[in-house]
Amino acid sequence: MAFTPLHDRVTVRRVESEEKTAGGLIIPESAKEKPSEGEVVAVGSGARDEDGNRVAMDVKPGDRVLFGKWSGTEITLDGEELLIMKENDILGVMS
């Protein structure tokens, strides 16, 4: 990918949600919500603190993360839909 986010921004690829509920019901496309889980594709170099020192990012490419429902800005790069969000929009890393 020819895109690198700046500062404390992260590029995330949404992970598709399940097509069935736990009880086995199939969810139609029109009823699906956009997933709030994704995989980190790229990270910026980190924000700067008050002294001008770089603050290291807590996430790295390949991490599976949870983020808020309305987090980020949707973009299309190379035909793929991605999200760009600030690192503090990420709620946590799944292990």
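The coordinates are above.
Below is a summary of the structure that appears in this document. (Residues numbered from 1 in each chain as written. Predicted model: local features only at pLDDT ≥ 70, side-chain atom pairs only at ≥ 80, totals over all residues. Heavy atoms only, no water.)

Topic: the overall build of the protein chain
- Secondary structure summary: the protein chain contains zero helices and six strands in total.
- When the helices and strands of the protein chain are listed from N to C terminus, the series reads β-β-β-β-β-β.
- Taken across its 95 residues, the protein chain has 27% of its residues classed as buried.
- Nonlocal contacts in the protein chain, meaning residues at least 24 apart in sequence, comprise 60% of its contacts between residues at least 6 apart.
- Here the protein chain displays about 6700 Å² of accessible surface, and carbon together with sulfur accounts for 50% of that area. (Helix = DSSP H or I, 4+ residues; strand = E, 2+ residues; numbered from the N terminus. Buried < 20%, exposed > 50% of the residue type's maximum accessible area, 1.4 Å probe, protein only. Contact = heavy atoms within 4.5 Å. Areas by Shrake-Rupley, 256 points an atom, 1.4 Å probe, with all protein chains shown as cover.)

Some thoughts on the pattern of salt bridges
- Tallying each qualifying case throughout the model produces six salt bridges.
- Note that Glu74 is salt-bridged to Arg14, the shortest N-O span being 3.4 Å. Of this pair, Glu74 sits in strand β4 (residues 73-77) while Arg14 sits in strand β1 (residues 9-14); the two residues are 60 residues apart in sequence, bridging distant segments of the chain.
- By relative accessible area, which is 45% here, Glu74 ends up partly exposed.
- In this structure, the salt-bridge partner of Asp63 is Lys60, at a minimum N-O distance of 3.0 Å.
- Connected through salt bridges with shared partners, the residues Arg13, Glu39 and Glu80 form a single ionic network. (Salt bridge = Lys/Arg side-chain N within 4 Å of Asp/Glu carboxyl O.)

With respect to the environment of Lys60
- Within the secondary structure, Lys60 is located in the loop between β2 (37-43) and β3 (64-67).
- Contacts of Lys60, omitting those with residues within four sequence positions, involve Val40 and Val43.

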